[in-house]
Amino acid sequence: MDVATYLAEVPEARREALVRLRELCLEELTGFEEGIAYGMPVYVRAGATDGEIAWANQKQYISFYLMRTDVRDAFADRLAPHDMGKVCLRFRNPAKVDFDLLRDLLRATATATAG
């Protein structure tokens, strides 16, 4: 499966938000490769083996996975009001996805030192 196929299979009610999220990832994560891992889109820095960003359509919400501790720590104040697990930022309503926050997280990830 590729990301286009993944998006074609998500519920219509969430597709627009997920397509926009993918576009943001492709715009901001220069030097990263897009793929599918663990059944969801993932973005891996060229030359690396582990993904730094992933997202998924879950039963109850859209998930955004931010695997970098340094970026999560730098954005702790902005992440605090959101439904956030250890690495998973969850949006229950596709209309309320905070794309400005996601863009900033993606930019910070892209400019962070590899490793």
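Scroll up to find the structure.
Residues numbered from 1 in each chain as written. Predicted model: local features only at pLDDT ≥ 70, side-chain atom pairs only at ≥ 80, totals over all residues. Heavy atoms only, no water.

Asks: Just to check I follow, could you spell out the nonpolar core for this structure?
Replies: Formed by 36 residues in total, the largest nonpolar core has its most connected members in Trp-55, Phe-64, Leu-102 and Leu-105. When residues of this core are traced back to their parent elements, those giving at least two are α1 (3–9), α2 (12–28), β2 (40–45), β3 (51–57), β4 (62–66), β6 (88–91) and α5 (99–111). The element contributing the most residues to this core is α5, with six residues. When neighbours within four sequence positions are excluded, Leu-105 is seen to be in contact with Phe-64, Leu-66, Val-71, Phe-75, Leu-79 and Leu-89. (Core = buried A, V, L, I, M, F, W, Y, C linked by side-chain atoms within 4.5 Å. Buried < 20%, exposed > 50% of the residue type's maximum accessible area, 1.4 Å probe, protein only. Helix = DSSP H or I, 4+ residues; strand = E, 2+ residues; numbered from the N terminus. Contact = heavy atoms within 4.5 Å.)

Asks: Honestly, the layout of surface pockets in this entry has me stumped. Any pointers?
Replies: Sizing a probe to match a water molecule and rolling it over the atoms shows the empty space that remains. When its volume is computed, the largest pocket comes out at roughly 170 Å³. The wall of the largest pocket is formed by Ala-37, Tyr-38, Met-40, Val-42, Val-44, Thr-49, Asp-50, Gly-51, Ala-54, Tyr-65 and Met-67. For the lining of the largest pocket, the elements supplying multiple residues, two or more each, are β2 and β3. When residues in the lining of the largest pocket are grouped by element, the largest group, three residues, is from β2. (1 Å grid on protein atoms, 1.4 Å probe; cavity = no way out; pocket = protein on both sides within 12 Å on 5 of 7 lines; lining within 4 Å. Points joined across faces, edges and corners; volume = space filled by probe spheres on them.)

Asks: Got a minute to help me understand the environment of Phe-32 in this structure?
Replies: Residue placement: Phe-32 occurs in strand β1 (residues 32–37). The buried category is assigned to Phe-32, whose relative accessible area is 12%. In this structure the C-alpha to C-alpha distance between Phe-32 and Cys-88, which are 56 residues apart in sequence, comes to 20 Å. Excluding residues within four positions of it along the chain, Phe-32 makes contact with Tyr-43, Val-44, Arg-45, Ala-46, Glu-52, Thr-109 and Ala-110.

Asks: What exactly am I supposed to notice about α5 here?
Replies: Since the α-helix packs 3.6 residues into each turn, any two residues three or four apart lie on the same face. Compared with an ideal rise of 1.5 Å per residue, which puts 13 residues at 18 Å, α5 spans 18 Å between its outermost C-alpha atoms and is within 8% of the ideal. Three or more residues of α5 are buried, namely Phe-99, Leu-101, Leu-102, Leu-105, Leu-106, Thr-109 and Ala-110. (Expected span 1.5 Å × (residues − 1).)

Asks: Sorry if this is basic, but what is going on with the sheet that holds strand β5 (residues 83–84) here?
Replies: Backbone hydrogen bonds hold the strands of a sheet together, and the pairing may be parallel or antiparallel. Spatially, β1-β2-β3-β4-β6-β5 is the arrangement adopted by the six strands of the open sheet, whose pairing is antiparallel. Since the sheet does not close on itself, it has two edges, and those belong to β1 and β5, each with one partner. Bridge analysis of β2 against β3 gives three bridges, and the strand direction is antiparallel. Residue pairing for β3: Tyr-43 is matched across the bridge by Ile-53. Across the sheet, α2 lies against β1, β2, β3 and β4, angled at about 165° from β3, the strand it touches most. (Pairing = 2+ DSSP bridges. Axes fitted to C-alpha atoms, helices over the stretch in contact; angles between N-to-C directions.)

Asks: Just to check I follow, could you spell out the packing of α2 against α5 for this structure?
Replies: Relative orientation and spacing of two packed helices are given, respectively, by the angle between their axes and the distance between those axes. At a minimum axis separation of 9 Å, α2 and α5 run at an interaxial angle of 30°. Here α2 lies roughly parallel to α5, going by the angle between them. Note on packing geometry: the crossing formed by α2 with α5 is right-handed. Between α2 and α5, the residues in contact are Ala-17, Arg-20, Leu-21, Leu-24, Cys-25, Glu-27 and Glu-28 and Phe-99, Leu-102, Arg-103, Leu-106, Arg-107 and Ala-110, respectively. Of the residues in the contact of α2 with α5, the class split is eight nonpolar, no polar and five charged. (Parallel < 35°, antiparallel > 145°, perpendicular 65-115°, else oblique. Left-handed = near helix turned anticlockwise from the far one by under 90°. Nonpolar A, V, L, I, M, F, W, Y, C, P; charged D, E, K, R; others polar.)

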